[in-house]
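# Geometric and topological summary
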Amino acid sequence: MNINLTMISQGIAFAIFIWFTASFIWPPLLTAITERQKKIEEGLAAAERSKKDLELAQTRSTDTLREAREKATEMIGGSERQAAHLLEEARAEAAQIINQARVAAEGEAAVAAQRAKENLRDQVALLAVAGAEKILRREVNAQVHAELLASLKSEL
Amino acid sequence: MSTEALTPTTYINHHLSFFAKPLGDGSFWTLHVDSLVTAVLLGIVGFGFLWWVVRGATSGVPTKRQAFVELAIEFVDDQAKGIFHGDRHKFVAPLALTVFVWVLLMNAMDFLPVDIMSWVYKNVLGLNSWHSVPTADINTTFALALAVWFLMIFFSIKVKGLGGWIHELFCTPFGSNPLLWIFNLMFNLVEYVSKPLSHSLRLYGNMYAGEIIFLLLGMWAATGIVGTIFGAILGAGWAIFHILIVALQAFIFMMLTIVYISMAHESH
């Protein structure tokens, strides 16, 4: 156990190893570790962000869904109302058409009845004339008539 | 192990002796080749592994290998963040990582069974005395602690300026009254001496003691088959406990390194 040259040689070896570690081992590995830490940090931040985004999207989708449902209900109500209105209108129109038709038909019927009546009257007149003629033809006595006519002629 | 008679003393001495290579006159100019080679090899393996993983590192989903390395780095970084206020990534945290990984690997050499490794060193590698654990060599721990100590003074001067550092030596912790200068200086000197001593001796003492206990337990094998089994069980128990010591000492060494460097950055 005596101090000798070994101490100096070990010191030199130590110095070389310190230099080697400080220049070739520590800095690159530290860089790698620091970079990884940054990456992990960024990854965590991104995860947090996407979580928030997801929440936002969920609330938005719920809102949209609710809105759509409301709009659909509204639309159904509207169209029902419109359908009822249309039906009402159609009914009214139909009633009007029927009315018009009835009025027209009644008018036509009246005219036709009138015409039939007139026709009938004509025919009745003709029939009466024909009847009268027949009756007259049987009753007519040419002698008497000639006497009558002769008396008339004499009065002229 | 060796050709001489095997007594407890020779056994322990053999395991604790270094592969010393004299490079000049005097005991200072020797080199513990085993400590240096093992330490450098472990450093190359450890930091080479880290570098290999880091080269393929991705900021995306990491592989298991990368996740393991990142775990280690973030563990060290957490400690540095708690103690050091400033840009730790520039120097303090890499320094702490270097210390932790290297000391942990060097301490972990203690897990290798001493006698089997001794046999391998001798018969496979042809090395007669080879000491496995670099941190059980006081030269290694002193080298680390003194390097940190010099860094501490360097950063003190860099952050506060030379004048500021000298001012701090004389005027803290008791006050700037000229009568107190000498006491302040003595106090600071004691602190500056005790820091590297406690820093290095704590690690060295723990690892050295751990090794000695392994050796003492290993000597049960000399008493016969029952002793061998008993020693093996005790050795296993100590090895399990030693896992804690190895990791804990590496951690403490790293923490003290961060603390010392941080203290240098802060004005009192």
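All of these numbers come straight from a predicted model, not from anything done at the bench.

### Let's talk about the overall build of chain A
Assigned secondary structure in chain A consists of two helices and zero strands. The C-alpha radius of gyration of chain A comes to 64 Å, more than 25% above the 15 Å expected for a compact globule of 156 residues. C-alpha extents for chain A along the principal axes are approximately 205 × 25 × 25 Å. Counting over 156 residues, chain A shows a buried share of 13%. Total accessible area on chain A stands at roughly 12,800 Å², and carbon and sulfur atoms take up 62% of it.

### A look at the overall build of chain B
Helix and strand counts for chain B come out as eight helices and two strands. Summarising its shape, the C-alpha atoms of chain B cover approximately 70 × 55 × 40 Å along the three principal directions. Looking at chain B as a whole, 44% of its 268 residues are labelled buried. Here the analysis covers contacts within chain B between residues at least 6 apart in sequence; of these, 69% occur between residues at least 24 apart. Looking at chain B as shown, the accessible area adds up to about 13,400 Å², and 74% of this sits on carbon and sulfur atoms.

### Here's the deal with the interface of chain B and chain A
Tallying the contact residues gives 49 residues for chain B and 29 residues for chain A. Contact between chain B and chain A buries roughly 3,600 Å² in total, counting both sides, with carbon and sulfur atoms accounting for 75%. Summed over the three residues of chain B that lose the most area to chain A, namely F28(B), S59(B) and N139(B), the buried surface amounts to 17% of that side. Between E70(B) and R36(A) there is a salt bridge whose closest N-O contact spans 2.7 Å. Seen at the junction of chain B and chain A, the total is 14 residue pairs in polar contact (both at pLDDT 80 or more).

### Focus: the nonpolar core
Counting residues in each nonpolar core, the largest one holds 63 residues, and the members touching the most others are F14(A), I25(A), F47(B), I73(B), L97(B), W102(B) and M254(B). For this core, the secondary-structure elements that each account for two or more residues are helix 1 (5-139) of chain A together with helix 2 (33-55), helix 3 (64-83), helix 4 (92-108), helix 5 (114-123), helix 6 (138-171), helix 7 (181-218) and helix 8 (225-265) of chain B. A per-element tally of this core places helix 4 of chain B first, with 11 residues. Every residue in contact with M254(B), bar those within four places of it in the chain, is listed here: V76(B), Q79(B), A96(B), V99(B) and F100(B). Grouped together as the second largest cluster of nonpolar side chains are five residues, M7(A), I138(B), A143(B) and Y204(B) included.

### Let's talk about the packing of aromatic side chains
Tallied over the entire structure, the rule returns 22 aromatic pairs over all chains. Ring geometry for Y121(B) against W130(B): centres 6.0 Å apart, planes inclined by 50°, an arrangement best described as tilted. One exposure class covers both Y121(B) and W130(B), and it is buried. Cluster of aromatic residues (ring-pair linked, three or more members): F14(A), F17(A), F47(B) and W102(B). Above the face of the W51(B) ring, R55(B) is positioned so that its terminal group lies 4.7 Å from the ring centre. The ring of Y192(B) carries K195(B) above its face, with NZ or CZ at 5.7 Å from the centroid.

### Observations concerning the packing of helix 6 of chain B against helix 8 of chain B
Residue and element names in this part refer to chain B. Running from amino to carboxyl end, helix 6 crosses helix 8 at an angle of 20°, the nearest separation of the two axes being 7 Å. On the basis of their axis angle, the class for helix 6 and helix 8 is roughly parallel. The crossing of helix 6 and helix 8 is right-handed. Residues T141, L144, A145, V148, L151, M152, F155, S156, V159 and K160 of helix 6 pack against F253, T257, Y260, I261, M263, A264 and H265 of helix 8. Residues belonging to the contact of helix 6 with helix 8 are distributed by class as follows: 12 nonpolar, four polar and one charged.

### As for the packing of helix 1 of chain A against helix 2 of chain B
A packed helix pair is summarised by two numbers, namely the angle formed by the two axes and the spacing between the axes. Axis separation between helix 1 of chain A and helix 2 of chain B bottoms out at 10 Å; the angle between their running directions is 5°. The pairing of helix 1 of chain A with helix 2 of chain B is recorded here as roughly parallel in orientation. Taken together, the residues of helix 2 of chain B that come into contact with helix 1 of chain A (itself represented by T6(A), S9(A), Q10(A), A13(A), F17(A), F20(A), T21(A), F24(A), I25(A), P28(A) and L29(A)) are S35(B), L36(B), A39(B), V40(B), G43(B), I44(B), F47(B), L50(B), W51(B) and V54(B).

### Considerations on a nonpolar patch on the surface
Nonpolar side chains collect at one region of the surface, where I8(A), I12(A), I16(A), W19(A), F24(A) and W51(B) lie side by side and expose about 600 Å² of accessible area between them. Top contributing element to the nonpolar patch by residue count: helix 1 of chain A, with five residues. Looking at where W51(B) falls in the secondary structure, it is placed in helix 2.

### Focus on helix 8 of chain B
With 41 residues, helix 8 of chain B should reach 60 Å at 1.5 Å per residue; the first-to-last C-alpha distance of 58 Å fits that figure. The sharpest bend along helix 8 of chain B measures roughly 25° and falls at F241(B).

### Remarks on helix 6 of chain B
Since one α-helical turn is 3.6 residues long, residues separated by three or four positions face the same way. Residues and elements named next belong to chain B. With 34 residues, helix 6 should reach 50 Å at 1.5 Å per residue; the first-to-last C-alpha distance of 34 Å falls well below that figure. At G161, helix 6 is deflected by roughly 110°, the largest bend along its length. Measuring from the backbone nitrogen of N139 back to the side-chain oxygen at the start of helix 6 gives 3.0 Å, which picks out D137 as the cap.

### Description of the environment of T98(B)
All names here are of chain B. You can see T98 is positioned in helix 4. Judged by relative accessible area, which is 0%, T98 ranks as buried. Sequence separation between T98 and M254 is 156 residues, and the spatial gap between their C-alpha atoms is 8.7 Å.

Rules of the game
- Residues numbered from 1 in each chain as written.
- Chains lettered and ligands numbered in written order.
- Predicted model: local features only at pLDDT ≥ 70, side-chain atom pairs only at ≥ 80, totals over all residues.
- Heavy atoms only, no water.
- Helix = DSSP H or I, 4+ residues; strand = E, 2+ residues; numbered from the N terminus.
- Rg over C-alpha atoms; globule rule 2.2 N^0.38 Å.
- Buried < 20%, exposed > 50% of the residue type's maximum accessible area, 1.4 Å probe, protein only.
- Areas by Shrake-Rupley, 256 points an atom, 1.4 Å probe, with all protein chains shown as cover.
- Contact = heavy atoms within 4.5 Å.
- Buried area = accessible area lost by both parts, 1.4 Å probe.
- Salt bridge = Lys/Arg side-chain N within 4 Å of Asp/Glu carboxyl O.
- Polar contact = N/O pair within 3.5 Å; in protein donor to acceptor, adjacent residues only side chain to side chain.
- Core = buried A, V, L, I, M, F, W, Y, C linked by side-chain atoms within 4.5 Å.
- Phe/Tyr/Trp six-rings, centres within 6.5 Å; stacked < 30°, edge-to-face > 60°.
- Lys NZ or Arg CZ within 6 Å of the ring centre and 35° of its normal.
- Axes fitted to C-alpha atoms, helices over the stretch in contact; angles between N-to-C directions.
- Parallel < 35°, antiparallel > 145°, perpendicular 65-115°, else oblique.
- Left-handed = near helix turned anticlockwise from the far one by under 90°.
- Nonpolar A, V, L, I, M, F, W, Y, C, P; charged D, E, K, R; others polar.
- Patch = residues over 30% accessible without salt bridge, like charges linked within 9 Å, V, L, I, M, F, W, Y side chains within 5 Å.
- Expected span 1.5 Å × (residues − 1).
- Bend = angle between axes of the 7 residues up to and from the residue.

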